[in-house]
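Structural description and commentary
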Amino acid sequence: MTTLTETFIAVGGHPVRCLEGGLGPTLLFLHGMGGLRPGAPFLELLADRYRVVAPEHPGFGETEPLAWIDTMVDLATHYRRMLRETLSEEAVFVVGHSLGGWLAAEVAFQNPDLVRRQVLVAPAGLRGAGEGIDPFGLNEEQMLVTAVADPATAPPSPKPSDAHVIRNRQMAARLAWSPRLADPKLPTRLSLVRTPTLLIWGAQDRIIPADRAAAFQEHLPDVRLVTVEGAGHLPMLEAPERFVSAVNEFFDG
């Protein structure tokens, strides 16, 4: 597998921590509220076929916040700048998980010419028939246990430092505290997204239940769904080979 290198890139003069590696078409990975976690095997598997760029959102981990970013739409505007000024002269593939899946949809809405295809992995942003477990009510240990289908067989996940956990939670709350991990105006924006979209959901997801996929299927014009049996909220960590195979097949068109 290709090893990713940790580096910093400048977006509008603001240093952003980033993992980068591989050759091929550019694939932008947008992390969830747990932050950027180096050493995740699925990123290295993707880097065997793509130039993977996995930035840290401002305010998470080691990347300093930007005062003007208070909402997910603001954060998507930050990535609009990254796409147009820093990342690539051509359209890119985008993969986003959870909070990052919601973000990916916002990025596609703002940049229809720069996102070729997108994969949303258990995305936040919409309400559904079944309410999941509020991640803001869990400590880090509880979150790790709840996020996987079977804690006894789940592979070890790279864990952030205590300081990063605090920063990640604070910034996630700033972006999505109320309404909790959702935006009632998002359906209108989703209906205008023409980017081909793949939803990947763990069948045993307790954080954002898999039935939430129906809400995204209702509003996104060009969308399909892959459900990963035996996986919870982290299918890319619980079933990395199946996850990467689904991504590759979709991006191959």
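Above this text is the structure in question.
Description of the structure in this document. (Residues numbered from 1 in each chain as written. Predicted model: local features only at pLDDT ≥ 70, side-chain atom pairs only at ≥ 80, totals over all residues. Heavy atoms only, no water.)

Description of the packing of helix 2 (residues 72–87) against helix 3 (residues 99–110)
In the contact formed by helix 2 and helix 3, the axes pass within 9 Å of each other and the chain directions differ by 60 degrees. Classified by the angle between their axes, helix 2 and helix 3 sit oblique to one another. When the axes of helix 2 and helix 3 are compared, the crossing they make is right-handed. Between helix 2 and helix 3, the contacting residues are M72, V73, L75, A76, T77, Y79, R80, L83 and R84 on the first element and L99, W102, L103, E106, V107 and Q110 on the second. Here the residues of the contact of helix 2 with helix 3 are counted per class, giving 10 nonpolar, 2 polar and 3 charged. (Axes fitted to C-alpha atoms, helices over the stretch in contact; angles between N-to-C directions. Helix = DSSP H or I, 4+ residues; strand = E, 2+ residues; numbered from the N terminus. Parallel < 35°, antiparallel > 145°, perpendicular 65-115°, else oblique. Left-handed = near helix turned anticlockwise from the far one by under 90°. Contact = heavy atoms within 4.5 Å. Nonpolar A, V, L, I, M, F, W, Y, C, P; charged D, E, K, R; others polar.)

A short note on unusual backbone geometry
The peptide bond linking S178 to P179 adopts the cis configuration, its omega dihedral lying at -5 degrees. With respect to the helices and strands, the residue P179 is situated in the loop between helix 5 (162–176) and helix 6 (186–190). We note that A122 has phi near 45 degrees; this positive angle belongs to a residue other than glycine. Among the structural elements, A122 can be located in the loop between strand 6 (115–121) and helix 4 (140–146). Under the relative-accessibility criterion, A122 is labelled buried at 0%. Positive phi, close to 55 degrees, is recorded for L181, a residue that is not glycine. (Buried < 20%, exposed > 50% of the residue type's maximum accessible area, 1.4 Å probe, protein only.)

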